[in-house]
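What the coordinates show
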2 protein chains.
Amino acid sequence: MIERRGKLIGVGVGPGDPELMTLKAVRMIQEADRVILPQKEAKEARAYKIALGAVPALAGKCLLGLDFPMTRDKDLRDRQIQANYESLRSYLKAGEKLVFLTIGDPCIYSTFCYLKIYAEEEGYQTSLVNGIPSFVAAAARLNIPLCLDDEEVHLLNGKSHLAEGLALPGSKIVMKAGPCSEKLAEAVDKLPGARVYAVKDCGLPGEEVFNDIHELPGDYMLTVIVKE
Amino acid sequence: MIERRGKLIGVGVGPGDPELMTLKAVRMIQEADRVILPQKEAKEARAYKIALGAVPALAGKCLLGLDFPMTRDKDLRDRQIQANYESLRSYLKAGEKLVFLTIGDPCIYSTFCYLKIYAEEEGYQTSLVNGIPSFVAAAARLNIPLCLDDEEVHLLNGKSHLAEGLALPGSKIVMKAGPCSEKLAEAVDKLPGARVYAVKDCGLPGEEVFNDIHELPGDYMLTVIVKE
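Residues numbered from 1 in each chain as written. Chains lettered and ligands numbered in written order. Predicted model: local features only at pLDDT ≥ 70, side-chain atom pairs only at ≥ 80, totals over all residues. Heavy atoms only, no water.

Under the convention used in this document: UniProt positions are given in the numbering used here, feature names are shortened, and annotations may be inferred rather than shown by experiment.
The name given to chain A in an unreviewed UniProt entry is Precorrin-2 C(20)-methyltransferase, and the organism recorded there is Shuttleworthella satelles DSM 14600. Under the UniProt heading Pathway (unreviewed entry), the entry covering chain A gives this text: "Cofactor biosynthesis; adenosylcobalamin biosynthesis." UniProt, in the comment section headed Sequence similarities (unreviewed entry), describes chain A in these words: "Belongs to the precorrin methyltransferase family."

**Topic: the interface of chain B and chain A**
One frequent convention defines the size of an interface as the accessible area lost when the parts assemble. The condition is simple: Throughout, a contact is declared for two residues whenever any of their heavy atoms are within 4.5 Å. Summed over both partners, buried area is the accessible surface (1.4 Å probe) that two parts give up on being assembled. By salt bridge we mean one thing: a side-chain nitrogen of Lys or Arg within 4 Å of a carboxyl oxygen of Asp or Glu. Throughout this description, a polar contact denotes any pair of N or O atoms lying within 3.5 Å of each other; where both atoms belong to protein, one of them has to be capable of donating a hydrogen while the other can accept it, and for residues adjacent in sequence the pair is counted only when both atoms sit in side chains. Where helices and strands are cited, they refer to DSSP runs of H or I of at least four residues and of E of at least two residues respectively, numbered from the N terminus.
With 54 residues of chain B at the contact, the number on the chain A side is 54 residues. Roughly 4,200 Å² is buried in total at the junction of chain B and chain A, and carbon and sulfur atoms are behind 56% of that figure. In this assembly, chain B and chain A are joined by 8 salt bridges. Note that Arg-27 of chain A is salt-bridged to Glu-19 of chain B, the shortest N-O span being 2.4 Å. Counting every contact that joins chain B to chain A gives 35 residue pairs in polar contact (both at pLDDT 80 or more). When contributions to the side of chain B that touches chain A are tallied by element, the ones reaching two or more residues are helix H1 (23-31), helix H3 (74-93), helix H4 (112-121), strand E5 (125-129), helix H5 (134-142) and strand E6 (153-156) of chain B.

**Notes on the sheet that holds strand E10 (residues 222-227) of chain A**
Note the threshold: Two strands qualify as a pair provided DSSP detects at least 2 bridges between them. Axis definition: a line fit to C-alpha positions, over the contact stretch in the case of helices; interaxial angles, taken between N-to-C directions, run 0 to 180 degrees.
Strands sit in the order E9(A)-E8(A)-E10(A)-E7(A)-E6(A)-E6(B)-E7(B)-E10(B)-E8(B)-E9(B) across an open sheet of 10 strands; the sheet is mixed. Of all the strands in the sheet, just strand E9 (208-210) of chain A together with strand E9 (208-210) of chain B have a single pairing partner and so form its edges. Taking the axes of each pair of neighbouring strands and ignoring which way they run, one obtains an average angle of 15° across the sheet. In the sheet, strand E8 (residues 195-200) of chain A pairs with E9 of chain A via 3 bridges, with the strands oriented antiparallel. Residue pairing for E9 of chain A: Ala-198 of chain A is matched across the bridge by Phe-210 of chain A. Seen against the sheet, H5 of chain B touches E6, strand E7 (171-174), strand E8 (195-200), E9 and strand E10 (222-227) of chain B and runs at an angle of roughly 70° to E10 of chain B.

Pasting the structure below:
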């Protein structure tokens, strides 16, 4: 008898438009024994809604919703991730193929990469299936290149030293920019000639484009591109 | 009579694995009147071979191969891009929907973004359809996150001041790293504790993974990730 080993696969669903999902992401969902979503009410999760648009069969899948509270408290976060691992452990033990859906790409700021460590520690196979990252989706939405020739690209965030980061050469991207929009505006004001592009909810029904650093909304799903 | 206006669409086919193409890229190829490839012998182009793996109907499409010589001479490059635009102009004028295939994502270091300027100047509609960028594909291949929490990511290249760039916080990516591998090794040697990961031909038959900065091959399609 061949033992069927559980697998934990992080699958990126891209930034919002179901059509930006990859063929591999679609297949992984179709082949999954269970689909895990980063929200307690699985069917309320953004990643679920995106994936459902490309894979109607997802509606008939076994779902598991896990809560990952937004917190700056690392201990609290780690305890929650461990508790979440405990919630899916029995399915891995039973040999299930578990697909964890994540917005964008699982290699870019995804909590999944913490979760998979627990599975690996117990000898389960894990893997990552790419999705379109939000910053390239924002550039495509704006119909502009993110970088040309030898331009550099710098991916910053609210915790970055924004004044120093924005002074680097090339294109600067600030992800999850809403909560730091004031700090960002202040830093951009010190860069004469900087061009600002921002997209909220790229590829989703609430999508909006902004070109004025002083008019950015406080939304979490906001990607800002600052060009020299 | 409604005039049928030509369209020029840059479509990313991802780094190599046909299954990493998006549903939208597949549809765009299927709907194209003509598929343009960044190599004179269209069927020899890497992007053609990748796309064919996901869209067999591509074999029956009208193809147009254009040469984009690798050159540091900007005048020569600009003349070639203009000449290439002249080659596809009549098709735009005839109202065709032209899909230009590019490896990775058309927003990231794609010559297509220069070509589309000519079409826009003549009033033709252009757009960009994302593909998976090679650096996230490399991270997924290595089964590691590119960034977590508030880590920054810096996309560098052979023209960057590598010593300064690699000293930035977070993950550093060097794309098209082969030609600058010596310079890169020298810069990494000055960073004690830096972890190096490299993938050549990610998702293609010749794929190889390297972990020693002194053993990198000189290949063009080499992505290097340097972590603190």
